[in-house]
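# Structural overview for review
These are the residues of each chain, in order.
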Amino acid sequence: MPERYISLEEYAKQNGVSVNCVKRKHKKHPIGGIELDEQTKTYRVLKGTRYPYDLRLLSKQPTTFKSLLTILDALNHSRYIDAMMMKISEDSFQAMMSELLEKNLIKKNNSGNTFGTNGYDITLEGGRELQKGKDQKIETISAVIGNIVGMGKMMQGA
């Protein structure tokens, strides 16, 4: 059976950060992603765990449009993001992930780590979407938003 954990040093190297930076910020990682054994003072990193995304790029009051682009950008940079970090409900986050998946902007990966965005990768189509101009992005993302709003109305009527 393959090893489920990688060393802290390997994780830091994969993400282009120092080991000390990971140690300082280990509580910002998803639950179960990085664990500190209090007795031995050693860290365990679950394979597939990504370094947290810098949310300073997202305004204080996110719109669905900005949230969808933020998810795509985080995946494009192989970073982790979840509903709590974005300050949205888990249901809204999952609806966004489902729509991005359905529109082929993201795909599931085989990391086995299902926390937040760890279980997904951006597709070539998703990467192209990030490269588009603002007007073209609005057109594509608006189609995704329409589906999310429609799903919400259906769920309220049920």
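Keep in mind that what you see is a predicted model, and the values were worked out from it rather than measured. (Residues numbered from 1 in each chain as written. Predicted model: local features only at pLDDT ≥ 70, side-chain atom pairs only at ≥ 80, totals over all residues. Heavy atoms only, no water.)

With that out of the way, let us pick up the nonpolar core. Counting 24 residues, the largest nonpolar core has Ile 71, Leu 72, Ile 81, Leu 100 and Ile 106 as the members making the most contacts within it. Sorting the residues of this core by element identifies helix H3 (64–76), helix H4 (83–86), helix H5 (90–102), strand E7 (120–122) and helix H7 (134–157) as the ones contributing at least two each. Ranked by residues supplied to this core, first place goes to H3 with 7 residues. (Core = buried A, V, L, I, M, F, W, Y, C linked by side-chain atoms within 4.5 Å. Buried < 20%, exposed > 50% of the residue type's maximum accessible area, 1.4 Å probe, protein only. Helix = DSSP H or I, 4+ residues; strand = E, 2+ residues; numbered from the N terminus.)

Our focus in this paragraph is the packing of H3 against H5. Relative orientation of the contacting elements H3 and H5 amounts to 65 degrees, with a least axis distance of 11 Å. One element, H3, and the other, H5, form an angle in the roughly perpendicular class. At the point where H3 passes H5, the crossing takes the right-handed sense. Across the interface between the two elements, Thr 64, Ser 67, Leu 68, Ile 71 and Leu 72 of H3 pack against Phe 93, Met 96, Met 97 and Leu 100 of H5. Tallied by class, the residues present in the contact of H3 with H5 amount to 7 nonpolar, 2 polar and no charged. (Axes fitted to C-alpha atoms, helices over the stretch in contact; angles between N-to-C directions. Parallel < 35°, antiparallel > 145°, perpendicular 65-115°, else oblique. Left-handed = near helix turned anticlockwise from the far one by under 90°. Contact = heavy atoms within 4.5 Å. Nonpolar A, V, L, I, M, F, W, Y, C, P; charged D, E, K, R; others polar.)

What follows covers the sheet that holds strand E2 (residues 34–37). The strands making up a sheet are joined through hydrogen bonds of the backbone, oriented either antiparallel or parallel. In space, the 3 strands of this open sheet follow the order E1-E3-E2, with antiparallel pairing throughout. The sheet is open, and its two edges are formed by strand E1 (5–6) and E2, each paired on a single side. For E1 and strand E3 (residues 42–46), the ladder comprises 2 bridges, and the chain directions are antiparallel. By the bridge assignment for E3, Ile 6 is matched with Val 45. (Pairing = 2+ DSSP bridges.)

What follows covers the pairing of E2. By the bridge criterion, 4 bridges tie E2 to E3 in an arrangement that is antiparallel. Note that in E3 the partner of Ile 34 across the bridge is Val 45. Between E2 and E3, which pair antiparallel in sequence order, lie 4 residues; one of them, Lys 41, sits at a positive phi of approximately 60 degrees.

Under the criterion given, the structure shown has 0 aromatic pairs. Residue placement shows Arg 44 over the ring face of Tyr 5; its charged tip is 4.0 Å from the ring centre. (Phe/Tyr/Trp six-rings, centres within 6.5 Å; stacked < 30°, edge-to-face > 60°. Lys NZ or Arg CZ within 6 Å of the ring centre and 35° of its normal.)

Per the stated rule, a full pass over the model turns up 5 salt bridges. Close ionic contact of Glu 38 with Lys 41 constitutes a salt bridge, the shortest N to O distance being 3.4 Å. Judged on exposure class, the residue Glu 38 and its partner Lys 41 are both exposed. As a salt-bridge pair, Asp 121 and Arg 50 come within 2.4 Å of each other at their nearest N and O atoms. With Asp 121 in strand E7 and Arg 50 in the loop between E3 and strand E4 (51–52), this residue pair connects regions lying 71 residues apart in the sequence. Asp 121 gets classed as partly exposed once you look at its relative accessible area, which sits at 25%. Relative accessible area serves as the criterion here: at 9%, Arg 50 is assigned to the buried category. (Salt bridge = Lys/Arg side-chain N within 4 Å of Asp/Glu carboxyl O.)

Before going further, it helps to examine the environment of Ala 143. Position of Ala 143 relative to the elements: it lies in helix H7. On a C-alpha basis, the gap between Ala 143 and Glu 99 in space is 9.6 Å, while along the polypeptide they are 44 residues apart.

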